[in-house]
Amino acid sequence: MNARGALLLALSLAPFLAGCPRRDETPPPSPPGYPPSGQWSQPAPQPAPQPTSPWPALPGSPWPTLPSVPGLPGWGGQQPVPLPFADPAQRCVDVINQYRASARLPPLQRWIMNESCVNAEARDSAAMGQPHGAFGRCGELSQNVCPDWAGPPDRMIAPCIQSQWAEGPGGDYATHGHYINMTSTRYTKVACGYFTTPSGKVWAVQDFQ
């Protein structure tokens, strides 16, 4: 190729070669706020999104902690105020079964269908002033009574049953009758009833069958 031909070839390739930078060239400046890109560098890694919260995270954990719940009025520090039992009859059955469990005896079922009758027994016994004045009206086989206790029913029933259990085992029914009834294997269910007198005293009756 003569000099004229070489010149023409160089002029025809010039537009293409102009857009191909050499490796020793200085890269063009990046726009403000953008990392360098192109053949001179890799895109900068972006940090993983972190959860946002007004509360600080636990050490070593990206997840925030929740704020502590303030104490409720009347809690008195760490100990909550005891709440009343919503169902004194169920409370009665539960306490009896706790004592039976301590003696390795099976639990008694709650005799729900007889509870209204046992409530009437408690009312009539209170009216007569006799702890077992209405015994036998509800088809029960034996009966325990806590007469004239300070109420309300959901508060007196546990100490009432505790006093009956404290009679302990023995052959004398007059002395140990409440304990004998509570630990008998003859019975499979118990119904608990209450009556509160106008003065606020409670008569509690437990019928076993």
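Computed from a predicted structure; not experimentally measured.

The rules we used
- Residues numbered from 1 in each chain as written.
- Predicted model: local features only at pLDDT ≥ 70, side-chain atom pairs only at ≥ 80, totals over all residues.
- Heavy atoms only, no water.
- Pairing = 2+ DSSP bridges.
- Helix = DSSP H or I, 4+ residues; strand = E, 2+ residues; numbered from the N terminus.
- Contact = heavy atoms within 4.5 Å.
- Axes fitted to C-alpha atoms, helices over the stretch in contact; angles between N-to-C directions.
- Buried < 20%, exposed > 50% of the residue type's maximum accessible area, 1.4 Å probe, protein only.
- Salt bridge = Lys/Arg side-chain N within 4 Å of Asp/Glu carboxyl O.

Asker: What am I meant to see in the sheet that holds strand S3 (residues 189-196) here?
Answerer: Consider a sheet: its strands pair through backbone hydrogen bonds, and that pairing is either parallel or antiparallel. Reading across from one edge, S1-S3-S4-S2 is the order of the four strands in this open sheet, with mixed pairing throughout. Edge positions in the open sheet fall to strand S1 (109-110) and strand S2 (142-150), since each of these has one partner strand only. Taken together, the seven bridges between S2 and strand S4 (residues 201-208) define a ladder with antiparallel strand orientation. For Gln 143, the partnering residue across the bridge sits in S4 and is Asp 207. The strands touched by helix H4 (residues 153-165) are S2, S3 and S4; relative to S2, the strand with the most contacts, the crossing angle is about 125°.

Asker: Would you mind showing me how to read the pairing of S4 here?
Answerer: Within a regular beta strand, the side chains point alternately toward one face of the sheet and then the other, so they alternate between its two faces. In terms of burial, S4 is largely enclosed, as seven of its eight residues are buried. Across seven bridges, S3 lies against S4 in antiparallel orientation. Residue pairing for S4: Ala 191 is matched across the bridge by Asp 207. Following S3, the chain reverses through four residues before pairing antiparallel with S4; Gly 200 in that reversal takes a positive phi of roughly 95°.

Asker: Any chance you could explain the pattern of salt bridges here in plain terms?
Answerer: For side chains of opposite charge, pairing can occur when their charged atoms come near one another. A complete count under the given rule lists five salt bridges for this structure. Here Arg 110 ties to Glu 115 by a salt bridge, and the two come within 2.6 Å at their closest N and O atoms. Using a relative accessible area of 23% as the deciding quantity, one classes Arg 110 as partly exposed. The buried category is assigned to Glu 115, whose relative accessible area is 11%. A salt bridge links Arg 123 to Asp 124; the shortest N-O distance between them is 3.0 Å. Taken together, the shared-partner salt bridges in this structure form one network comprising Asp 87, Arg 110 and Glu 115.

The values are spatial; any link to function lies outside them.
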